[in-house]
Amino acid sequence: MSLFNVFAVSGSAMTAQSMRLNAVASNLANADSIVSSDGQPYRAKQVVFEATPMGGNTATGVRVTQVVNDASPPRMVYDPKNPAADEKGYVAFPNVNVVEEMTNMISASRSYQTNVEVLNTAKTMMLRTLQIGQG
Amino acid sequence: MSDLSSHMRVLSQALSLRAERHQVLASNIANADTPNYKARDFDFTQAMQSALGGRGLGGLGLARTDSGHQGGAGAGARPQLQYRAEVQSAVDGNTVDMDVERAQISENALQYEILTRLISDRLQGMRTAISSNQS
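Everything numeric here is computed off the predicted structure, so don't read it as measured data. (Residues numbered from 1 in each chain as written. Chains lettered and ligands numbered in written order. Predicted model: local features only at pLDDT ≥ 70, side-chain atom pairs only at ≥ 80, totals over all residues.)

Regarding the overall build of chain A
- Helix and strand counts for chain A come out as 2 helices and 4 strands.
- From first element to last, N terminus to C terminus, chain A shows the α and β order α-β-β-β-β-α.
- Over its C-alpha atoms chain A spans a radius of gyration of 22 Å, topping by over 25% the 14 Å that the globule rule assigns to 135 residues.
- Taken over the C-alpha atoms alone, chain A extends approximately 80 × 25 × 20 Å along its principal axes.
- For chain A, the residues scored as buried account for 29% of the 135 residues in total. (Helix = DSSP H or I, 4+ residues; strand = E, 2+ residues; numbered from the N terminus. Rg over C-alpha atoms; globule rule 2.2 N^0.38 Å. Buried ≥ 20, exposed ≤ 12 C-beta atoms within 10 Å, placed from the backbone.)

Structural notes on the overall build of chain B
- Scanning chain B from N- to C-terminus turns up 3 helices and 2 strands.
- Along the chain direction, N to C, the helices and strands of chain B fall in the order α-β-α-β-α.
- Burial statistics for chain B: of 135 residues in total, 30% are counted as buried.
- Long-range pairs, those at least 24 residues apart, make up 70% of the contacts in chain B between residues at least 6 apart in sequence. (Contact = placed C-beta atoms within 7 Å.)

Let's talk about the pairing of strand 2 (residues 60-69) of chain A
All names here are of chain A.
- Pairing of strand 1 (residues 45-53) with strand 2, which is carried by 9 bridges, proceeds in the antiparallel orientation. Residue pairing for strand 2: Phe-49 is matched across the bridge by Val-64.
- Hairpin connection between strand 1 and strand 2: a loop of 6 residues separates the two successive antiparallel strands, and Gly-55 in this loop has a positive phi of roughly 65°. (Pairing = 2+ DSSP bridges.)

Describing the nonpolar core
- Grouped together as the largest cluster of nonpolar side chains are 36 residues, with contacts concentrated most on Val-9 of chain A together with Ala-26 of chain B.
- Put simply, the parts of the chain that give this core at least two residues each are helix 1 (3-29), strand 1 and helix 2 (98-130) of chain A together with helix 1 (2-30), helix 2 (44-52) and helix 3 (98-131) of chain B.
- Excluding anything up to four places from it in sequence, Ala-26 of chain B contacts Val-6, Val-9, Ser-10, Val-118 and Ala-122 of chain A. (Core = buried A, V, L, I, M, F, W, Y, C linked by C-beta atoms within 7 Å.)

What about the environment of Asn-5 of chain A?
All names here are of chain A.
- Mapped onto the elements, Asn-5 comes out in helix 1.
- Classification of Asn-5 as buried rests on a count of 23 C-beta atoms within 10 Å.
- For the pair Asn-5 and Met-54, spaced 49 residues apart in sequence, the C-alpha separation works out to 7.5 Å.

Things to note about the packing of helix 2 of chain A against helix 3 of chain B
- The interhelical angle for the contact between helix 2 of chain A and helix 3 of chain B, taken along N-to-C directions, is 10°, at an axis separation of 9 Å. Here helix 3 of chain B runs roughly parallel to helix 2 of chain A, going by the angle between their axes. When helix 2 of chain A is examined against helix 3 of chain B, the residues Val-118, Thr-121, Thr-124, Met-125, Arg-128 and Thr-129 of chain A are found in contact with a partner set consisting of Ile-105, Ala-109, Tyr-112, Glu-113 and Thr-116 of chain B. (Axes fitted to C-alpha atoms, helices over the stretch in contact; angles between N-to-C directions. Parallel < 35°, antiparallel > 145°, perpendicular 65-115°, else oblique.)

Concerning the interface of chain A and chain B
- Taken together, the 30 residues of chain A in the interface contact 24 residues of chain B.
- Per-element tally for the side of chain A that touches chain B: the top contributor is helix 2 of chain A, with 10 residues.
- The residue makeup of the side of chain A that touches chain B, split by class, is 12 nonpolar, 16 polar and 2 charged. (Nonpolar A, V, L, I, M, F, W, Y, C, P; charged D, E, K, R; others polar.)

A look at the environment of Ala-85 of chain A
- Summarising the element assignment, Ala-85 of chain A is placed in the loop between strand 3 (75-78) and strand 4 (90-93).
- By the C-beta count within 10 Å, which is 16 here, Ala-85 of chain A ends up partly exposed.

Points about the environment of Gly-56 of chain A
- You can see Gly-56 of chain A is positioned in the loop between strand 1 and strand 2.
- Each C-alpha atom of the pair Gly-56 of chain A and Ala-92 of chain A lies 50 Å from the other, and the pair is 36 residues apart in sequence.

As for the packing of helix 1 of chain A against helix 2 of chain A
All names here are of chain A.
- The geometry of helix 1 relative to helix 2 is characterised by a closest axis approach of 9 Å and an angle of 160° between their N-to-C directions. With respect to helix 2, the axis of helix 1 lies roughly antiparallel. The interaxial crossing formed by helix 1 with helix 2 has left-handed handedness.
- Its residues assigned to classes, the contact of helix 1 with helix 2 shows 18 nonpolar, 8 polar and 2 charged. (Left-handed = near helix turned anticlockwise from the far one by under 90°.)

Focus on the confidence of the model for chain A
- Of the residues in chain A, 99% have a pLDDT of 70 or more, and the chain-wide mean is 92.
- Within chain A, the element-level pLDDT minimum falls on strand 3 of chain A, averaging 92, and the maximum on helix 2 of chain A, averaging 95. (pLDDT = per-residue confidence, 0-100.)

A closer look at the confidence of the model for chain B
- Across chain B, pLDDT averages 83, with 81% of residues at or above 70.
- The complex prediction reports pTM at 0.83, with the ipTM value standing at 0.86.

Structure follows, in structure tokens:
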């Protein structure tokens, strides 16, 4: 029954999208964390998606292969009163782009919703199959 | 009764192809954010014709590993997957067009439901034929 594979495929996509949402939440929460656990300013985290075969040759799910640190340079803000300022008076803020993160969040949430809908459609189809010959 | 089973075979083959197609479309939607993923689909008419003509590749029939085994007619043949033509190109090499996929998945689910209804009706017809002289 190939419809059962749909649950695995859409489920994997939902897991991947919620991990992306997790990364967005972490980035937005730490948008102003000038010191993280390693003493450096926080770096934005991004998830990397990869298509992965899932039972049969037609089902392709998604998985998160790795979580990478954003390579863009930190945001330098002139604030000589800040204790974390360097000798020129600049403070290195995290390289989190808030606008980018917000669009990322909307995209992840929409993708999640679409996958839930696909899952529901598959469920309805299976229930219809069970009802064959019952009426 | 061979007439009934051959009638049912066409419908059940169509049903399993629809289920298979739902899986392919679900994979496309699941991978809507995966870089370099290419959207796939198969031509239902062509797949149905090759399934009915017994020209399917591989097929989903029962394997006979012993002379005592019963040969299953098979619920259908494995369809040829093709890549969907790109409408708008994306920077990350992904060719999933959400509007197309959503429309196709709705259409596919509706066709699936029609098929279940058709099978039910056929069974209902049989039931009427059986009980017509019992009153």
